[in-house]
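If you want the building blocks of each chain, they are given just below.
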Amino acid sequence: MQTAWTIATILGGLGLFFAGSEMLTGNLRSLANRRIQQEIARVASSVPAGLMWGAILGAITQSTQIVTFILVGLLMARMIDARRALPMILGANVGSSLIIFVVTLDIEIVVLLALGGSGILMTVQRFQNWQTVLRAIFGLCLLYYGLVLLKMGAAPIAEEPFFKELMAGAGGSALAALAIGAVLTVICQSSITVSLLAIAFATGGLFTFEQSVMVVYGTNMGSSIATWLLSGQIRGTARQVAMYQVAFNFFGCFVLVPLFYMETAFGFPPLMAGVQALSGDIGQQLAFIYLFFNAIAALVLLPLIGLSEKLLARLYPPTEQEDESRLAYLSEHAASNPEIAVLMAEKEQLRLLGRLPRYLDAARMDDMAARGRRLSALRESFRSVHKQAAIHIDDLADDRLTADNHERVYRIVDRHSRLETLEAALSEFAAAAPLLRGSAALEDIRVALLEGLDAVLLSFVEAMESGDPEDMALIQRITGDRGELMEGVRRQFLSEGTVALGREEKLGLLQLTGLFERLIWMLREMTQKAPLGTPEAES
């Protein structure tokens, strides 16, 4: 009967622990929403600010992996750079340690009150807006009581003869404990979860203090392995952040594992002894070990951030796609001066315009898979630059308007909107043009439309770059109404008694001629309503 009760207690504890851990982590992750991420990207401009925000984000999410991939997302969105991300990694590792202290405190009465209060309020309609916070508190309480049950269930097992023989046979292997911590963390994807389990089993007598210390070290190593596996598809600057987190924990193990063996052999340095002097509770002792592991690694790596950044940049340089996805002219410094900001915004838009003929180059590619990848890369980089530039242009329109530049700023805003729709239509044309390549009847018209649009587009880009009124007038002439011409082409090929076309060929012809007509109209509209150059130069 006692054995059944012990097994049921441990299983019940594990169930509450994992359910509470998932509930806590999931709801805390929701708190790290887009708004918080944008605020972090805005204010984390210095090393101290990065450390502070990293610690806050680590405390909120309780997972360095989550923080790492939030930062990877911000990097890929060009909201921060690697220099600002690295201090946040250091802070996050320290901040995520706090939950272990909360769980190891003897606060059963407080937890019972919080469990009951949050559970009741979760069912009250008036508190629906607080559901995320209430569920996080409820999950933390479940996690706490799961650990209480685990401790209760583990205590009788520690006194069983078979377990004592098993531990004696293992010889108290510290390396085995290190490996256990690493493997379980890779499986559970959470170093904190495994560390808390180690604390529960150590409190119940299943692990010695020394073994538990090595399990905690192993959980950090396992966290790095899990991050490395999850970041396998990340390239360029974003990978620098993921690899910095991987290196952080391995560096901590590189420093602290040898110190562990030195202390067990010679009693120096007295890290474990000092931790035991701080508290008589083994749970809190291991919580201090977890904190010291991360704090020591962070303190050693903090002065080396500049060197780390250079090394990571050399090992994981920006990809070509990443360079194409960055702003070249607009920046926070440029935005501080209205005249410079206007000029840089126009240069950024010209840079986007210069990319448009590349879509037609991609449409000429023979290999369908390569063509698809190239168009996808062009679209991704264009949209990234367009989106980043839009932030500066919106600020320019909101806060930088003057009596001298208001018309020019209006044209920049209008042109930026037109660029987005122009790129979308051109991308659709480039994807549709190759579909008619297999049609003998439509090959000539396909080539004519493709090459004709290319010629007009190149002339349009040159005219926009020069800003010459004569060039603009030329573009308006060559982009005159093509509706009758395209309608004539459609009648020629679609009327009965002429060329016999299949259904797909007819649909392709309608799509391609319609897109061609629309693109020519868009170019004409941009030339008329959003040309480059100052209004004074045109008048």
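Since we're looking at a predicted model, the values are computed, not measured.

(A) Summary view of the pattern of salt bridges. Taken as a whole, this structure holds 11 salt bridges when the rule is applied. The partner of Asp361 in a salt bridge is Arg364, and the shortest N-O contact between them spans 2.8 Å. Looking at Arg364, the relative accessible area reads 27%, which means it is partly exposed. Taking the shortest distance from any N to any O, the salt bridge between Glu451 and Arg364 comes out at 3.0 Å. Placement of the pair is Glu451 in helix α22 (residues 443-466) and Arg364 in the loop between α19 (338-363) and α20 (368-399), with a sequence separation of 87 residues. Shared partners join several salt bridges into a network, and the residues in it are Asp361, Arg364, Glu451 and Asp454.

(B) Representation of the side chain of Arg446 in the model. Among the structural elements, Arg446 can be located in helix α22. Under the relative-accessibility criterion, Arg446 is labelled buried at 6%. Setting aside residues no more than four positions away along its own chain, Arg446 makes contact with Ala433, Leu436, Arg437 and Leu512.

(C) Representation of a nonpolar patch on the surface. Taken together, the side chains of Ile180, Val183, Leu184 and Ile187 present a nonpolar region at the surface, about 360 Å² in accessible area. Look at Leu184 and you get partly exposed, because its relative accessible area is 36%.

(D) Just the packing of helix α14 (residues 271-278) against helix α15 (residues 282-301), in detail. The interhelical angle for the contact between α14 and α15, taken along N-to-C directions, is 130°, at an axis separation of 9 Å. By the angle between their axes, α14 is oblique relative to α15. Note that α14 runs across α15; the crossing there is right-handed. Side by side, α14 and α15 meet where Leu271, Met272, Val275, Gln276 and Leu278 of the first sit next to Gln285, Phe288, Ile289 and Phe292 of the second. Partitioning the contact of α14 with α15 into residue classes produces 7 nonpolar, 2 polar and no charged.

(E) Local environment of the packing of aromatic side chains. Scanning the entire structure with this criterion turns up 4 aromatic pairs. Arranged with centres 6.1 Å apart and planes meeting at 75°, the rings of Phe201 and Phe207 form a pair that is edge-to-face. We classify Phe207 as partly exposed; its relative accessible area is 22%. Ring centres 5.8 Å apart and planes at 35° place the aromatic pair Phe288 and Phe292 in the tilted group. With Phe288 and Phe292 both in helix α15, this residue pair falls 4 residues apart, about one helical turn. According to the relative accessible area criterion, Phe292 is partly exposed, its value standing at 24%.

Rules behind the numbers
Residue indices follow the written sequence of each chain, beginning from 1 at its first position. Only residues with pLDDT of at least 70 get local features here, since the model is predicted, and only at 80 or more are side-chain atom pairs given and counted; chain-wide, interface and lining totals rely on the full set of residues. Only hydrogens and water are removed before side-chain values are computed, so all heavy atoms of the structure are retained for them. By definition here, a salt bridge exists when the distance from a side-chain nitrogen of Lys or Arg to a carboxyl oxygen of Asp or Glu is within 4 Å. Whether a residue is buried, partly exposed or exposed follows from its accessible area with a 1.4 Å probe, protein chains only, as a fraction of its type maximum: under 20%, in between, or over 50%, in that order. Secondary structure is summarised from DSSP: a helix means a run of H or I of at least four residues, a strand means a run of E of at least two, and numbering begins at the N terminus for each. When checking whether two residues touch, look at their non-hydrogen atoms; a contact exists if any pair is within 4.5 Å. Residues enter patches when they are more than 30% accessible in relative terms and free of salt bridges; like-charged ones are connected within 9 Å and nonpolar ones (Val, Leu, Ile, Met, Phe, Trp, Tyr) within 5 Å. Note on areas: Shrake-Rupley, 1.4 Å probe, and residue coverage restricted to the protein chains presented here. Every angle, taken between N-to-C directions, lies between 0 and 180 degrees, and every axis is a line fitted to C-alpha atoms, over only the stretch in contact when it is a helix. Roughly parallel means an angle under 35 degrees; roughly antiparallel, over 145; roughly perpendicular, 65 to 115; everything else is oblique. Here a crossing is called left-handed whenever its near helix is offset anticlockwise from the far helix by less than a right angle, and right-handed whenever the offset is clockwise. Classification used: nonpolar for Ala, Val, Leu, Ile, Met, Phe, Trp, Tyr, Cys and Pro, charged for Asp, Glu, Lys and Arg, polar for all others including Gly. Aromatic rings from Phe, Tyr and Trp, taking only the six-membered ring of Trp, are treated as a pair when their centres fall within 6.5 Å; an angle between ring planes under 30 degrees marks them as stacked, one over 60 as edge-to-face, and anything in between as tilted.

Honestly, that's just the spatial picture; any functional story needs more than this.
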